[in-house]
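# Per-entry structural report
Read off the chains here:
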Amino acid sequence: MRSTLLILAASVATIASAQFSSGFENWTDTVPSDWMGVKSSISADSVEQVSTNVHGGTYAVRLTNTTTSHKRFTTQPVTVTEAAIYQISFWVRGTGEIRTGLFDGRTTGFGYAPYNAYAVSTGNTWTQVTQSITCQNDTTGAEFILSVRSTSGPEHLVVDDVNITSGGGPVNASIYAIQNTTDVNGNSPLNGQVVLTGGIVTGVDTIGQNSYFIQSGSGPWSGIYCFDATGVVAIGDSVVLQATVTEFNSLTELTAVTSLTVVGQFATPAPQLLGTDGATQEQWEGVLAVIANATCTSLPDGFGEWTINQAPGSLPVDDLMYLYNPTVGTDYDVTGIVHYANGAWKIEPRDENDVVVATGIGEAGVLVASSLYPNPASEQLTIDLGVTLGNVLYTVSDLSGRVVLNGNLSSTRTSIEVGSLTSGLYTVTLRSDASAKAMSLQVIR
């Protein structure tokens with residue numbers, strides 16, 4: 001059965017109980033009576049009453065905005081509570097993109113909360129969308145937002161049965177719990193929920209400057225993409241954040257990030273050794289990885305993507321964080337974060353240290369879990385093999401390939417002096433009897 005409607009105009013006190021429901025049943029002139037608040041930017045002639053193929057009741061609403069710039073369709077003023085988490089659920093059909101937001105008069109973002117990711121509607125079958133948002137300000141003048149863009153006819157976007165409720169606090173969830181899924185589409189089991197999670201920043205978007213990746217531990221399901229245009233982080237930051245789990249174009253991501261706290265600086269997890277085929281598996285989404293001895297088969301296209309090939313297939317190398325100009329036919333070791341965007345799996349290198357001409361050493365093997373810290377280093381560098389091995393040779397080489405330090409590692413964790421080195425970038429190479437691994441090191445003074 002359809003839930004009882006709570007019409008805003010009839011009872012502001014009811015809305016203050018942190019629940020708002022609208023089936024678009026009551027209209028004043030040409031607009032729904034509980035919508036078109038003062039923060040609406042969509043014109044009234046782009047809001048249309050629909051009476052056929054509705055989700056429930058008698059009416060729904062059609063929203064038209066064919067431009068790629070979003071338009072806001074907002075509720076009348078409602079009462080919200082600081083730190084409360086509101087779940088916004090609605091049904092949509094038609095063609096276009098739609099997301100949710102909130103104006104609560106906060107001191108940042110001109111009073112607006114960060115928007116959730118767009119949900120894309122492509123057909124005329126009703127689909128439910130659920131997103132969460134956290135309030136930062138007590139006010140009686142809040143307006144919840146449906147933000148729409150890129151609609152097309154004949155239906156554009158038709159919306160019905162909007163329900164907004166407040167729940168408890170965020171769900172405490174590890175990245176593993178967010179990402180690990182058996183869903184055939186890769187959707188998170190926590191999709192739409194507000195979570196409290198954390199990890200180490202492994203990469204920061206330098207082009208769009210609105211996202212970063214975090215990872216907790218290593219192995220499958222350990223990394224995730226964070227869409228956050230306001231947070232300031234650096235690689236190696238250990239962060240705790242509150243955000244909403246969102247599925248956007250088949251990518252699991254954290255959006256509407258709040259309460260971002262940097263709790264320290266640590267070494268990033270060792271990259272996972274993958275092949276070009278393994279990097280297309282859902283379990284590695286958002287995970288720092290390395291593809292060794294892969295041949296460049298194409299130069300960067302108009303989107304900054306080039307291709308590496310390694311039997312049995314190929315993989316795009318993208319420029320979300322760094323653009324490299326490769327040479328076709330050259331073999332490279334490419335380190336970066338496995339990412340899914342624009343309908344394809346790809347690897348995202350972070351800087352010039354992540355793309356190096358392959359040395360022919362081969363797979364890292366038992367050394368795959370080895371790491372360096374601190375990085376950057378100034379006086380002392382610790383090499384952690386991650387496993388117990390009998391004897392490992394290390395070399396430290398400058399950008400010209402000249403070996404400036406070398407020695408043997410006889411224990412799992414060893415500290416070496418780097419105080420004699422000048423500031424700059426170096427390569428630390430580890431070699432055992434059966435495997436080898438190269439890692440980048442920055443020395444600062």
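Structural notes, computed from the coordinates. (Residues numbered from 1 in each chain as written. Predicted model: local features only at pLDDT ≥ 70, side-chain atom pairs only at ≥ 80, totals over all residues. Heavy atoms only, no water.)

### A word on the sheet that holds strand β24 (residues 371-373)
The test is simple: A pair of strands is labelled paired if DSSP reports no fewer than 2 bridges between them. Numbering goes from the N terminus for both helices and strands, where a helix is a DSSP run of H or I of at least four residues and a strand is a run of E of at least two. Throughout, an axis means a line fitted to C-alpha atoms (over the contacting stretch in the case of helices), and angles, computed between N-to-C directions, take values from 0 to 180 degrees.
Reading across from one edge, β24-β25-β28 is the order of the 3 strands in this open sheet, with antiparallel pairing throughout. This sheet does not close on itself; its edge strands, each paired only once, are β24 and β28 (413-417). For this sheet the average axis-to-axis angle between neighbouring strands, irrespective of direction, equals 25 degrees. With 5 bridges joining them, strand β25 (residues 380-384) and β28 adopt antiparallel strand pairing. Each bridged residue has a counterpart across the sheet, and for Gln380 the counterpart in β28 is Glu417.

### So, the environment of Thr252
What counts is decided by this rule: Each residue gets one of three labels from its accessible area relative to the maximum for its type: buried under 20%, exposed over 50%, partly exposed in between, using a 1.4 Å probe on protein chains only. Note on contacts: a residue pair is in contact if any heavy atoms of the two residues lie within 4.5 Å. Within 3.5 Å is the distance limit for a polar contact, defined as a pair of N or O atoms, with the added protein rule that one can donate a hydrogen and the other accept it, and that residues adjacent in sequence qualify only through two side-chain atoms.
On the secondary structure map, Thr252 appears in strand β16 (residues 251-265). Overall, the relative accessible area of 0% leaves Thr252 in the buried class. Sequence separation between Thr252 and Glu282 is 30 residues, and the spatial gap between their C-alpha atoms is 9.8 Å. Residues in contact with Thr252, not counting those within four places in the same chain, are Ile178, Gln179, Gly186, Ser188, Ile224, Tyr225, Val245, Thr246, Glu247, Glu282 and Glu285. A polar side-chain atom of Thr252 sits 2.7 Å from a polar atom in the side chain of Glu247.

### What to know about the nonpolar core
Rules: Side-chain atoms within 4.5 Å link the members of a nonpolar core, which is a set of buried Ala, Val, Leu, Ile, Met, Phe, Trp, Tyr and Cys residues.
The biggest cluster of nonpolar side chains holds 31 residues, and the ones touching the most others in it are Phe73, Phe90, Ile98, Phe144 and Val159. Taken together, the elements giving at least two residues each to this core come down to β5 (60-63), β7 (78-80), β8 (85-103), β9 (119-134) and β10 (139-166). One finds Leu251, Ala279, Trp284 and Ala294 within the second-largest nonpolar core, a separate group that totals 28 residues.

### Describing the pattern of salt bridges
Definition in use: Criterion for a salt bridge: a side-chain nitrogen of Lys or Arg within 4 Å of a carboxyl oxygen of Asp or Glu.
Considering all chains together, one arrives at 8 salt bridges under this definition. In this structure, Arg106 and Asp104 form a salt bridge, with 2.9 Å as the shortest nitrogen-oxygen distance. As far as the burial class goes, Arg106 and Asp104 line up, both buried. Notably, a salt bridge pairs Asp354 with Arg350, separated by 2.8 Å at the nearest N-O pair. Overall, the relative accessible area of 5% leaves Asp354 in the buried class. Members of the salt-bridge network, linked through shared partners, are Glu48, Arg62, Arg93 and Glu155.

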